[in-house]
Amino acid sequence: MDSMHSWTPTVLRNAVAAQLRGARAARAISLAAGLSAATLLLPGAAQAADAPSATGGAALAEIVVTATRHEEKLNDVPVSASVLSGEPLASLGSAGDDIRQLAFKVPSLNVESSNGRTFPRFYIRGYGNTDFNSFASQPVSLVYDDVVQENPSLKGFPVFDQADVEVLRGPQGTLFGRNSPAGVVKLESAKPVLGQFSGYGSLSDGTYNTAVLEGVVNLPVSDTLAMRFSTQGQHRDNWVDDPVNHTRLEGYDDWAARIQLLYKPSESFNALFNVHGRTLGGSARLFRANIIQLGTNNLVPGFDPSKFYADGYNGQSYSMAGGSVHLNWILPSVTIQSITGYESILHYNTIGDIDGGFGSGNVFCNFAPGGCTGADVSGPGVIPFPVETGGGIKNHRQITQEVRAIWNLSSTLVGQAGVFLFDEDVSDRSHNYSMTGLDIQDTTVSRQKNEAQAVFGSLEYAMTPKFKVRGGARFTADHKTFDVPVAETAAGDPLPLTAPLYKSSNATNFSWDLSATYQLDADTNLYARVATGFRAPSFGAPTGTQAIQVARSEDNISYEAGIKADLFDRRARIAFDVFYYDVSHQQLTAVGGGSNETRLLNAAHTIGQGAEVEFSAQLTPTLSLNLSGSLNDTKIKDKNLAVGQCFNWAWVPNVPADAHCNITNPLTAPDTNGNQFVLIDGNPLPQAAKYIADVSLRYAVPFGADGEFYAYTDWSYRSKINFFLYESKEFTGPAMVQGGLRAGYSWANKKYDAAVFCRNCTNEIRAIGAIDFENATGMINDPRIVGAQFSAKF
């Protein structure tokens, strides 16, 4: 252990110095090296070092991943990657959480949504996109069972009967294609097994009747055929009272199912067929007016999460279906794979009271002596004007085809190459509504068609038994068209949008990566990686008097170096890396502001740098520990980039000086209309927590010949975040700590399990998102859920 302390920081500094340039990168390396040394000095690590020699029960299981599109040991992959599986993954979903449960559970990962259980937005190393329109592209790619889920509305498919979740940090353009410059979240379902009749069932129920039902059956049909049926249902009662509408909200019914058929007539061929679908109904996201105390980022005194005062309708419905075919030919020196995917959003509609309150919205009487009376009364707080909007996806289909060959040219040379085709057609319909009766005031229909083609290849060469180099490249051609065939009032009059209402883009890109791995000893690998990424141009539907929104393509280059090691006879494991990236022309979204517009724009540069560490230890045969953390320092670098301000009522008579949000960035000089904008140069990216940490412990006590009592707890922390591109006192999300606890008894060699659990055990409620165009409106996290669960295997 002392020898590791002496060489770890030095080797990492030397390995990275050739790749990372500039003072900022040097500071990241210094911070990260100190973090690595500190991790090795943790009490848990010291206990593992002093423990007796490992036995079979005390060693950590080997982790195998498919980050490089074929199976490899996690420690051999020259990519910063994390894996969630088994009990840690299952515990996250016990309280009915959707895919946002993954946020902050591994280094540098955030997942959030302003659309509730649909349309999740992913961020890796602070790099993501806050755009919420139906055509939004994201720099984090989500791949489910080897099929990319391009539209954000597809990315919320529930996590159940999962083999694992892999999070790959940094550009993955060579093997995963465009729109993955920040990284990839890769979900892999458990697959059918030949010759085995098995399965499991699980049922849990908790606070607010939060219930989760999950069932799986693996059915052997013949010697060459097997089927796997998997389903999950999630339910929560409405638990938020709306005394204005005399309704209750925040409930949901979310069902998903998957059927897989495996056909394996020989060792040289197999085929896997996958059909899946989802249906969701319930509340849309609740936008709660004036819950943030002006001049701070605290919730207002006396805030009650179970109350919501709004006079508009709130609801959401969604359904989708999809399928895929995986074909594998395993020949003596080459494996050929074909993956065909089809995804379709059958229905998606969401309607919400965006102003988050009630009343006609007379901003003048709110500040007049005596206040508002009669029909002008509104609340909670100042509601300047009523806003009720809705919309969703009218039509959608996505078709993908990938063919690749993986071969062993010799004992020292391995390669793969392939082609990828993508075709998507999506139409969006949006409405503005009256506040009474949901009468449609206007309708806009937009349509985007996207085609992309790519060829790619990758080689790995073992120069010596201990030193390997890898390199890959991908050429992509991307073509999009966007038009607005309908933009009219309820009376049929055209909306005053700016022509032209048709645009197209063509983009090509050459992405590449290069990495090297050096085996320091049988249990320790050092690696360094340089990679580039690409996000195709993006379009956005126009609002107000806007033209079609356009953002040009973005490119990035990333440098990374790290160490992966098994320690103490494989009773502990550590992975540590430092990174630096530079994004050119990053696509950003300015949301809201006083004009309440969504504006796509490009920043000249964005810089990100930091470090990530993961540590696991089997401290004793019955006690295990997992620690992880990350440092992400992001900065927008564009001296002339400015966005709209949040609400400001200085023009209203009698308004007090403290009745508006407090911008902490400099403003531009007034334009010809007297408007000032916020300069955002130097700001961190939105939703980019600088610090993330997670810790989990599991302790078990054997009971009888085949049973055990156990306790499992996990706690995550993230530092403050910006909700928007600008910085203000109100719209900075405060730091947050959330924890879970599970205690139970399993018996019959873990065939049966009964447990009690809680999620967000301390009931910490924070504003985790906001709307800024008319008041201090916020969105909050889920409350504490306490429940019980029973599961059985067969």
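Here the structure is a predicted model, which is why all the values come from computation and not from measurement.

1. Observations concerning the overall build of the protein
For step 1, the next point in the chain: Each helix and strand counted, the protein has 6 helices and 41 strands in total.
For step 2, the next point in the chain: Here the protein has a C-alpha radius of gyration of 27 Å; the compact-globule value for 794 residues is 28 Å, and the two agree.
For step 3, the next point in the chain: The buried share of the protein, reckoned over its 794 residues, is 56%.
For step 4, the next point in the chain: Residue pairs in contact within the protein that sit at least 24 positions apart in sequence constitute 68% of those at least 6 positions apart.
For step 5, the next point in the chain: Accessible surface, the protein: about 30100 Å² in total, of which carbon and sulfur atoms supply 58%.
For step 6, the next point in the chain: Each charge class in the protein was averaged separately, 60 positive and 77 negative side chains, and the resulting centres sit 5 Å apart.

2. Some details on the side chain of S141
For step 1, the next point in the chain: Its place among the elements puts S141 in strand β6 (residues 140-144).
For step 2, the next point in the chain: Apart from residues lying up to four places away in sequence, S141 is in contact with V148, N179, S180, G183, V184 and V185.

3. Looking at the state of the cysteines
For step 1, the next point in the chain: Per the counting criterion, the structure on display carries 3 disulfides.
For step 2, the next point in the chain: The side chain of C646 participates in a disulfide bridge whose partner is C661; the two sulfur atoms lie 1.7 Å from each other. Given an S-S torsion of about 85°, the disulfide between C646 and C661 has right-handed geometry. You can see C646 sitting in the loop between β31 (642-643) and β32 (678-679) and its partner C661 sitting in the loop between β31 and β32, a full 15 residues away along the chain.
For step 3, the next point in the chain: Note on C646: relative accessible area 3%, which makes it buried.
For step 4, the next point in the chain: Residue C661 is classed as buried on the basis of its relative accessible area of 6%.
For step 5, the next point in the chain: With its sulfur 1.9 Å from that of its partner, C758 forms a disulfide with C761. Measuring the twist about the S-S bond at about 90°, one finds the C758-C761 disulfide to be right-handed. Per residue, the accessibility class of C758 equals that of C761, and both read buried.
For step 6, the next point in the chain: Numbered by position along the chain, the disulfide-linked cysteines of the protein connect as 1-2, 3-4, 5-6.

4. Some points on the nonpolar core
One recurring pattern in soluble globular proteins: nonpolar side chains tend to sit buried together.
For step 1, the next point in the chain: Grouped together as the largest cluster of nonpolar side chains are 81 residues, with contacts concentrated most on L102, L109, V185 and F731.
For step 2, the next point in the chain: Counting residues per element, this core draws most heavily on strand β28 (residues 572-592), which supplies 5 residues.

5. Concerning the side chain of S230
For step 1, the next point in the chain: By the element assignment, S230 lies in strand β12 (residues 225-236).
For step 2, the next point in the chain: Take S230: its relative accessible area is 3%, and that puts it in the buried class.
For step 3, the next point in the chain: Side chain to side chain, S230 and D161 meet in a polar contact 2.5 Å long.
For step 4, the next point in the chain: Beyond its immediate sequence surroundings of up to four residues, S230 is in contact with F160, D161, G215, V216, A256, A257 and R258.

6. Regarding the environment of T118
For step 1, the next point in the chain: Here T118 is to be found in the loop between β4 (109-112) and β5 (121-124).
For step 2, the next point in the chain: Sequence separation between T118 and D98 is 20 residues; the distance between their C-alpha atoms is 8.8 Å.
For step 3, the next point in the chain: In contact with T118, not counting residues within four places along its chain, are S113, L280, Q316, Y318 and Y348.

7. Observations regarding the confidence of the model for the protein
For step 1, the next point in the chain: For the protein, mean pLDDT is 90; residues scoring 70 or higher make up 92% of the total.
For step 2, the next point in the chain: Low confidence marks residues 1-56, where pLDDT is under 50. Its contacts with residues over four positions away, or in another chain, come to 71 contacts.

8. Remarks on the pairing of β6
For step 1, the next point in the chain: Most of β6 sits inside the fold, with 5 of its 5 residues counted as buried.
For step 2, the next point in the chain: Burial of the side chains of β6 extends over both faces: V140, L142 and Y144 are buried on one face and S141 and V143 on the other.
For step 3, the next point in the chain: Bridge count for β6 against strand β9 (residues 183-189) is 5 bridges, and the pairing is parallel. Residue S141 lies in a different strand from β9, and its bridge partner there is V184.
For step 4, the next point in the chain: Sheet topology note: the β6/strand β7 (residues 147-148) ladder contains 2 bridges and is antiparallel. Residue pairing in the sheet places V143 in a bridge with V148 of β7.
For step 5, the next point in the chain: Linking β6 back to β7 in an antiparallel pair, the connection comprises 2 residues, with D145 at a positive phi of about 50°.

9. As for the sheet that holds β9
For step 1, the next point in the chain: An order of β3-β8-β9-β6-β7 is seen for the 5 strands of this open sheet, with the pairing classed as mixed. The strands lining the two open edges of the sheet, one partner per strand, are β3 (81-84) and β7.

10. Examining the pairing of strand β8 (residues 162-169)
For step 1, the next point in the chain: Burial within β8 is extensive, with 7 of its 8 residues counted as buried.
For step 2, the next point in the chain: Relative to β8, β3 runs antiparallel, the two being bridged by 4 bridges. Counted as the bridge partner of V83 is E166 from β8.
For step 3, the next point in the chain: As defined by bridge partners, β8 adjoins β9 across 7 bridges and the pair is classed as antiparallel. Directly across from L168, in β9, lies its bridge partner V184.

11. Examining the pattern of salt bridges
For step 1, the next point in the chain: Tallied over the full model, the rule gives 40 salt bridges.
For step 2, the next point in the chain: A salt bridge links R397 to D423; the shortest N-O distance between them is 3.3 Å. Here R397, found in strand β19 (residues 388-408), pairs with D423, found in strand β20 (residues 413-433); they are 26 residues apart in sequence, far enough to count as distant.
For step 3, the next point in the chain: Across the pair D714 and R759 runs a salt bridge, and its minimum N-O distance is 2.9 Å. Remark: R759 occurs in strand β38 (residues 752-759) and D714 occurs in strand β34 (residues 707-718); sequence separation between them is 45 residues. Summarising the burial analysis for this pair, D714 and R759 share the class buried.
For step 4, the next point in the chain: When salt bridges that share partners are traced, they join R69, D145, D146, K186, E188, K191, E402 and R404 into one network.

Basis of the calculations
- Residues numbered from 1 in each chain as written.
- Predicted model: local features only at pLDDT ≥ 70, side-chain atom pairs only at ≥ 80, totals over all residues.
- Heavy atoms only, no water.
- Helix = DSSP H or I, 4+ residues; strand = E, 2+ residues; numbered from the N terminus.
- Rg over C-alpha atoms; globule rule 2.2 N^0.38 Å.
- Buried < 20%, exposed > 50% of the residue type's maximum accessible area, 1.4 Å probe, protein only.
- Contact = heavy atoms within 4.5 Å.
- Areas by Shrake-Rupley, 256 points an atom, 1.4 Å probe, with all protein chains shown as cover.
- Lys, Arg positive; Asp, Glu negative; His and termini not counted.
- Charge placed at Lys NZ, Arg CZ, Asp CG, Glu CD.
- Disulfide = S-S within 2.5 Å.
- Core = buried A, V, L, I, M, F, W, Y, C linked by side-chain atoms within 4.5 Å.
- Polar contact = N/O pair within 3.5 Å; in protein donor to acceptor, adjacent residues only side chain to side chain.
- pLDDT = per-residue confidence, 0-100.
- Pairing = 2+ DSSP bridges.
- Salt bridge = Lys/Arg side-chain N within 4 Å of Asp/Glu carboxyl O.

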